[in-house]
Amino acid sequence: MKRLLIWLPLAIFLGFFALFASGLLKPDDRVITSKLVGKTLPAFSLPAAASDRPGLASTELATGKPRLLNIFASWCLPCAAEAPQLMALAQQGVNIDAIAIRDARADVDRFLARYGNPYARIGLDARSNVQIALGSSGVPESFVIDGKGRIVYQHVGDIRADDVPMILQRLKDAQ
Amino acid sequence: MRMLAALIAMLLSAPVLAQSALPPAPYANRQISDPAQERKAKALMETIRCLTCQSQSIADSDASLAGDMRSQIRERIMAGEEPEHIRAWLIERYGDWVSYEPTADPILWPLWGAPVLLIGLGLLVLRGRIRRKRS
Amino acid sequence: MIAEAGLIALWLAFALALLQLTLAGFGLAGGKPELLGSVRPVAVAQGVLVGIAFALLITLFLRSDMSVALVVTNSHSMKPWLYKFAGTWGNHEGSMLLWVTVMGVAGAAVALFERALRRDTHMATLGGQAAISLGFYAFLLFSSNPFARVDPPAPDGQGLNPLLQDPGLAFHPPTLYLGYVGLSVAFSFAIGALLTRRVDAAFARAMRPWVLAAWVLLTLGITAGSYWAYYELGWGGWWFWDPVENASLMPWLAATALLHSVTVLATRDALRAWTVMLAVIAFSMSMVGTFLVRSGILTSVHAFAVDPERGTFILVLLGFYIGGALALFGWRVGAVREGAPFELVSRETMLVVNNLLLSVILGLVLIGTLYPLMTEAFGHKVSVGAPYFDRIAGPVALILMLVMAAGPLTRWRRDKLGLVARRLLVPGAIALLVAVVLATVAWGRIGVLPLLGLTVALSVGAASVAPLWKRNLRRTPLFTWGMVIAHLGCAVSLAGMACDSAFTVEKLAAVRVGDTVQAGDWKLRLLQISPIAGDNWTALQADMEAVRGGGRAVTLHPQSRFFASPATATTEAALLTRWNGQLYVVLGQEAEDGRWQLRIWWKPFVTLIWLGGVMIALGGALALVGRERRGWLLKWRGRALA
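Calculation notes
- Residues numbered from 1 in each chain as written.
- Chains lettered and ligands numbered in written order.
- Predicted model: local features only at pLDDT ≥ 70, side-chain atom pairs only at ≥ 80, totals over all residues.
- Heavy atoms only, no water.
- UniProt positions renumbered as here; feature names shortened; annotations may be inferred.
- Helix = DSSP H or I, 4+ residues; strand = E, 2+ residues; numbered from the N terminus.
- Buried < 20%, exposed > 50% of the residue type's maximum accessible area, 1.4 Å probe, protein only.
- Polar contact = N/O pair within 3.5 Å; in protein donor to acceptor, adjacent residues only side chain to side chain.
- Contact = heavy atoms within 4.5 Å.
- Expected span 1.5 Å × (residues − 1).
- Phe/Tyr/Trp six-rings, centres within 6.5 Å; stacked < 30°, edge-to-face > 60°.
- Lys NZ or Arg CZ within 6 Å of the ring centre and 35° of its normal.

- In the nomenclature of an unreviewed UniProt entry, chain C is known as Cytochrome C assembly protein of Sphingobium quisquiliarum P25.
- One UniProt comment on chain C, placed under Sequence similarities (unreviewed entry), says "Belongs to the CcmF/CycK/Ccl1/NrfE/CcsA family."
- The heading Function (unreviewed entry) in the UniProt record of chain C holds the text "Required for the biogenesis of c-type cytochromes. Possible subunit of a heme lyase."

- Under the annotation held in an unreviewed UniProt entry, chain A carries the name Alkyl hydroperoxide reductase and is attributed to Sphingobium quisquiliarum P25.
- A UniProt comment under Subcellular location (unreviewed entry) is attached to chain A, and it reads "Cell envelope".
- Per UniProt, chain A carries the Sequence similarities (unreviewed entry) text "Belongs to the thioredoxin family. DsbE subfamily."

Next comes the structure, spelled out in structure tokens:
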């Protein structure tokens, strides 16, 4: 018994050492993903965020065809960086809707005039209520919604040029 | 002095790391008038982890999303919702991560068992000590 | 030239450390005892050289030499000189150089001043110290050269995180560092004693001043860090159970346990193996703490200098030294004889229980801090925070406080339970009284834990001064005073914590200029908001007036500051300290309707938390001086005679 106790500290230490080493080997992952992926969208209905697009309700995302739901804001820099990729997706026939977070109509109009407008509908989420209900933790984020209004994929952060084929594939798989 | 004013105007017009185009939500920085409800809301907020600056609770965070979460929590408490129900609702969306209060998830059972284990181990060492003393 | 000279000094110190280890190794194990005579001068020379290297790095920072990469990334010519100075160690390379500097200087001190220890244990200790230093030298020279140049020189630096531009924080990390390194000396002593199989009272007496000094510095460092977080983060919290905070708490817990067990070993020659074990644990906690802060494997507010490569290097050192020490422990400790036996009712038992409880708290903090990392290995993200630590470690800490009250009132070797109980009569009566009064006045309004905390704090406070009862105070030895003050400090600190969580009044308000707002007994008025400028920042400052009862009005100036390089905004809370608490005011954003957000707290007796911390450190310092003075006096007299 005593012999065992003497070596116990070393054993515990080796356990911690392995833990630290595995922590170092794994890529740094600070991303908190939504646990609603695979589930139906929560119900919401948002007023229009831009002058020339209607608002957005959850029912309008369950139209039988997969859609991309983009969470963005005019004050967010990565969102501007992501804009060309969204434009490219829209040109390839992807239906994109958006939710603008803590935004003002004039700012959204200016943002869309400057970076292009790939969206069919844009809802204004002034107090992040829908963002929180979606389990989204920041901007920009994009959700792939299938025809029945189910979330099938969440993309955290801006969509880069090399992410576009993957997004297209996800949309195709959702059919 | 005028240069200083200009500098300040410049700084204020370009907010550092903007997180919002709007003023904070109504109950982000405003207490519920009923102290009992405010206590409940505050206790819950202190155990909800901020998604933007991940090592603070939303009660201690300047992030806009944290402010919106505070406002939502206060509004829901005022509407009569129970704090644990709100916590469960948030966990459903963000996972166990969002709660600083460890949940009842089986993966956390060893955490609650740790004190018992450690005290037991300590007593084991101590018992050996005392027995030797008697002999 | 200065940078090159610094690098050369560092290489020379590295070479001398290698020499020191070789001489000690061959001298002790290689059958060449004549080599041992040169170990001490080499240790002194190594300390001097590494000191020179560090002094040169400070010079580079003070001169804002923008041809040195480290200065470019961490300093700025516009920065006040104090922060240029503190910037030397406010980064990874500089802090590692500070680490080896303190180790080198401490090694020189051990070589020069340690006389009582057996020669072979002394030399083994110096060899161990050199071995640890070598790892850090290698780290600096091969992966984190602080003297690296940039070509061409940069026009100016990239500043330092403005949150770190604060007098409290400038000296908080080095204080912790000195504590960590002090524990490395204790570790070297333990290795030396294990190698020569001399774990005895003389070893304990040689190690004790280093443990005490390290513990005093850790206490000060944690206290200062907590106060810094309190006023700088702007939300009135003083401890967040953040991984980096826990990383500084864990070595302190281990050092506290070690401090008590080393006293048992020095006075009663008991707890031999346990004391050696604790010395190893204490230093390993310092290294684990450093690893957690540097590697960035846990999310933290304080994470700075995060870099997986550095993390790997520290982890290798950690595995090498701590794994090696624990293997040595398992191999050699069987040869360490059991110490003197003791009775169940005795101060020794009290101290053993103290050690047990401290170790349990240490284990809980360690497991709680690392638990998210463990579950992530299974793909499950969880958070362990204040609710867990408060609820689990809190009660254990309260029991520990009760043992702390009883310990000094129990005699060494053997005592009678009845007698101990009689000595605890007055504190016990106080506890009962406080509990009854609090329960009737505030039941339901304050939590159970703060209520228990206040009760325990007041009774333990009374029990702490009891050892002075009926004693001739002038004849009482200094180290007894030290113990009494440190224990009283724990009670004072606990009282502050309990008062803060039980009685704090919070008021959030949006006010126009000219409006008043009520927070607890205080009436505050916002007089005006105006821009002001500092050395390297500009700010919006509120002028406010605070009145309590019919008292005189006091002005307060909370600010929100903007730093240009790098662009950052911070809040500077205004604190108004009164004997019975602190008023804490933060200026927030301006709303669209021209009203300003204010966060106001009245925190009764919150300052006791840090006052207690300072008392604990002062108690440790008195004990250190008290224990060492005798030795110094003897030595001085001996020299005067010769």
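Moving on from the model shown.
**A look at the side chain of S383 of chain C**
Reasoning step 1: Positionally, S383 of chain C belongs in the loop between α12 (347-377) and α13 (386-406).
Reasoning step 2: Taking the relative accessible area as the measure of exposure, S383 of chain C reaches 1% and is therefore buried.
Reasoning step 3: A distance of 2.7 Å separates the side chain of S383 of chain C from the side chain of R49 of chain B, its partner in a polar contact.
Reasoning step 4: The contact partners of S383 of chain C, leaving out residues within four places of it in the chain, are R49, D96, W97, S99 and Y100 of chain B.

**Focus on helix α5 (residues 92-113) of chain C**
All names here are of chain C.
Reasoning step 1: With 22 residues, α5 ought to run about 32 Å at 1.5 Å a step, and its terminal C-alpha atoms sit 31 Å apart, in line with that.
Reasoning step 2: Summarising burial for α5: 19 of the 22 residues are buried, a large majority.
Reasoning step 3: Measuring from the backbone nitrogen of E93 back to the side-chain oxygen at the start of α5 gives 3.4 Å, which picks out N91 as the cap.

**A short note on the packing of aromatic side chains**
Reasoning step 1: Under the counting rule described, the total for this entry stands at 32 aromatic pairs over all chains.
Reasoning step 2: With 4.9 Å between their ring centres and 50° between their planes, F111 of chain A and Y115 of chain A make a pair best called tilted. Residue F111 of chain A and its partner Y115 of chain A are both found in helix α3 (residues 105-115); the two are separated by 4 residues, about one turn of the helix.
Reasoning step 3: On the basis of relative accessibility, which here comes to 30%, the residue Y115 of chain A falls in the partly exposed class.
Reasoning step 4: A connected cluster of aromatic rings, assembled from ring pairs, spans Y227, Y230, Y231, Y584, W601 and W610 of chain C.
Reasoning step 5: The ring of W537 of chain C carries R561 of chain C above its face, with NZ or CZ at 3.7 Å from the centroid.

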